[in-house]
Amino acid sequence: MKIKVMVVEDNQSLNKSIINMLKKEKYEAYGALDIESAEDTFLKEKPHIILLDIMLPHGYGYELIKFFRRHNDCRIIMLTALSDHKSKSLCYEEGADDYITKPFDLYELLYKLNAVKRRIFQNLKEISVGDINFSLDTHKLTCRDKSIVIQPSQIRLLKLLYDRYLENSYVDKDEIFEDTCDEINERGRIQTLVARLRKNLLYVESKSINLETIYGKGYRFNVEE
């Protein structure tokens, strides 16, 4: 799953620069130059994060915050040249999550976005990666039209693998043991857990998820998009 970001900024050059940076970092990015286009784009794309200027043609950005909140549980970061206490207070009172004053460094903005992205993924209950989807609540593993309910320990392993995949890393064997210790009494049974998960990935006929063994260390996702 890619995180969607909408940039509401009437400076076309800055808007384009932010969008280009986001796309290079594998975000889905959309731009809006005024209040009307921001509302239209928001309803169409349902972004996870909104970068919102205050001074916009025909209105103020903070007037959009309640509209966004009414339709979606998104994160709102203000991007504005206004640094006075009143403007900051008003935006936070309306429901903004963060406030960045111009001029700002694009990489500093990216660091903030990456932190928000990690929190979004940590709170996900339905996760999509490659051609599979799995639910932390129902324990259902799905690929296209085929699905199966799997053990809670397998779901937790999937979540661990997914988290490390986002970090371009792998799941250590000790980490698996600690996370599933209520259902696994011996480290040797980790191999059984992994084997069952592989079997269930085959059952739902996933074509893009490969659970790779890193010998002596652990496991990781190889994902063919």
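Residues numbered from 1 in each chain as written. Predicted model: local features only at pLDDT ≥ 70, side-chain atom pairs only at ≥ 80, totals over all residues. Heavy atoms only, no water.

**Student:** Can you help me understand unusual backbone geometry in this one?
**Tutor:** One can expect most non-glycine residues to show negative phi and most peptide bonds to be in trans. That bond from K102 to P103 is cis: its omega, -5°, falls within 30 degrees of zero. The residue P103 is located in the loop between strand 7 (98-101) and helix 5 (106-122) in this model. Phi at K26 is positive, roughly 70°, even though this residue is not glycine. Relative to the elements of secondary structure, K26 occurs in the loop between helix 1 (12-24) and strand 2 (28-32). The class for K26 is exposed, based on a relative accessible area of 61%. Backbone geometry places N168, a non-glycine residue, at a positive phi of 55°. Along the chain, the position of N168 falls in the loop between helix 6 (152-166) and strand 12 (171-172). Exposure remark for N168: the relative accessible area of 74% places this residue in the exposed category. (Helix = DSSP H or I, 4+ residues; strand = E, 2+ residues; numbered from the N terminus. Buried < 20%, exposed > 50% of the residue type's maximum accessible area, 1.4 Å probe, protein only.)

**Student:** Could you clarify how one ought to interpret the nonpolar core in this entry?
**Tutor:** One recurring pattern in soluble globular proteins: nonpolar side chains tend to sit buried together. Counting residues in each nonpolar core, the largest one holds 48 residues, and the members touching the most others are L22, I49, L51, L109, I132, F134 and L158. Excluding residues within four positions of it along the chain, L109 makes contact with I18, M21, L51, L79, I100 and F104. Judged by nonpolar contacts, the second largest core, of 20 residues, contains A32, I35, I54 and A96. (Core = buried A, V, L, I, M, F, W, Y, C linked by side-chain atoms within 4.5 Å. Contact = heavy atoms within 4.5 Å.)

**Student:** Can you walk me through the packing of helix 1 against helix 5 in this structure?
**Tutor:** When two helices pack together, their arrangement is given by the angle between the helix axes and the distance between those axes. Between helix 1 and helix 5, the least distance of the axes is 11 Å, while the angle of their chain directions is 50°. Considering their axes alone, helix 1 and helix 5 lie oblique with respect to each other. In this structure, helix 1 crosses over helix 5, and the sense of that crossing is right-handed. When helix 1 is examined against helix 5, the residues I18, M21 and L22 are found in contact with a partner set consisting of L106, L109, L110 and L113. The residue makeup of the contact of helix 1 with helix 5, split by class, is seven nonpolar, no polar and no charged. (Axes fitted to C-alpha atoms, helices over the stretch in contact; angles between N-to-C directions. Parallel < 35°, antiparallel > 145°, perpendicular 65-115°, else oblique. Left-handed = near helix turned anticlockwise from the far one by under 90°. Nonpolar A, V, L, I, M, F, W, Y, C, P; charged D, E, K, R; others polar.)

Purely geometric numbers; function is a separate question.
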